[in-house]
Amino acid sequence: MKTNRPLLRRWPLLALTGLLTACAALPPEGEQAPVIPPATAIQVNEMAMLPLLGYYHLLQRMTPGELTRERQTLARLPSSPSVQLRQALLYGMPRATTDLARAQTILEAVLRSNAPEAASLHPLAKLLATQYQERLRSETQNERLSQQLKETQRKRDELQEKIDALTDIERSIPIRPNADKPAF
């Protein structure tokens, strides 16, 4: 029978390492180990998000007037995470009066909420918050680029006016006769 000699040589080292690790994990005498509360697993109910996704598709088919009436209807409802998420969806609609900053504020409130209904909506709220943040960043960048374009066009127009003025000056200069040139 063949024995595994390298493993037999290492077992004292492994045993010593295990003992030292166990001792290092113990708190010093006189101190109590910190009590870590057990992590509470938040149950996410994916089915709670389905009505909101259906609501989003409904919003896409609404006219701007209907979206305004829907905004008024939601304002009258009692505040709940589901209603808040509906409001955020409505504020983020591009065809309505878009207010992404307000939608972001509503989504942050839903994400801070510890209510069980809110916990089930956190994945959707996070997704929307990320999307709205990206849209806000894109809109800001578009505005900045639009301003740069206007400034560039204004400078181009100024340069074109200067070129036209120089061309007019060049045309108005009388042509000298060739007699002024020395003959060789």
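Everything that follows concerns the structure shown earlier in this document.
These lines cover the structure that appears in this document, whether it is placed above or below. (Residues numbered from 1 in each chain as written. Predicted model: local features only at pLDDT ≥ 70, side-chain atom pairs only at ≥ 80, totals over all residues. Heavy atoms only, no water.)

Regarding the pattern of salt bridges
The final tally for this structure, using the stated rule, is 5 salt bridges. A salt bridge links E151 to R154; its shortest N-O distance comes to 2.3 Å. Placement of the pair is E151 and R154 together in helix α6 (residues 116-172), with a separation of 3 residues, close to one helical turn. What makes E151 partly exposed here is its relative accessible area of 33%. Take R154: its relative accessible area is 38%, and that puts it in the partly exposed class. (Salt bridge = Lys/Arg side-chain N within 4 Å of Asp/Glu carboxyl O. Helix = DSSP H or I, 4+ residues; strand = E, 2+ residues; numbered from the N terminus. Buried < 20%, exposed > 50% of the residue type's maximum accessible area, 1.4 Å probe, protein only.)

Section: the nonpolar core
Ranked by internal contacts, the top residues of the largest apolar core, which has 26 residues, are L59, L85, L107, L128 and Y132. When residues no more than four places from it in sequence are discounted, the contact partners of L128 are L85, L89, Q104 and L107. (Core = buried A, V, L, I, M, F, W, Y, C linked by side-chain atoms within 4.5 Å. Contact = heavy atoms within 4.5 Å.)

So, the packing of helix α2 (residues 50-61) against helix α4 (residues 81-91)
Packing of α2 against α4 brings their axes to within 10 Å, and their N-to-C directions diverge by 30°. Viewed along their axes, α2 and α4 adopt a mutual orientation that is roughly parallel. Like other packed secondary-structure pairs, α2 and α4 cross with a definite hand, here right-handed. Contacts from P51, L52, Y55, Y56 and L59 in α2 reach S82, L85, R86, L89 and L90 in α4. Taken together, the residues of the contact of α2 with α4 sort by class into 8 nonpolar, 1 polar and 1 charged. (Axes fitted to C-alpha atoms, helices over the stretch in contact; angles between N-to-C directions. Parallel < 35°, antiparallel > 145°, perpendicular 65-115°, else oblique. Left-handed = near helix turned anticlockwise from the far one by under 90°. Nonpolar A, V, L, I, M, F, W, Y, C, P; charged D, E, K, R; others polar.)

Comments concerning the packing of aromatic side chains
Scanning the model with the defined rule gives 0 aromatic pairs in all. The residue whose ring lies beneath R86 is Y55, and the NZ or CZ to ring-centre distance is 4.6 Å. (Phe/Tyr/Trp six-rings, centres within 6.5 Å; stacked < 30°, edge-to-face > 60°. Lys NZ or Arg CZ within 6 Å of the ring centre and 35° of its normal.)

Topic: the packing of helix α3 (residues 64-76) against α4
One can describe the packing of α3 onto α4 by two numbers: an axis separation of 10 Å at closest approach and a directional angle of 155°. One way to sum up the angle between α3 and α4 is to call them roughly antiparallel. Note that α3 runs across α4; the crossing there is left-handed. For the pair α3 and α4, contact is made by L67, E70, R71, L74 and A75 and by V83, R86, Q87, L90 and Y91, respectively. Partitioned by chemical class, the residues of the contact of α3 with α4 number 6 nonpolar, 1 polar and 3 charged.

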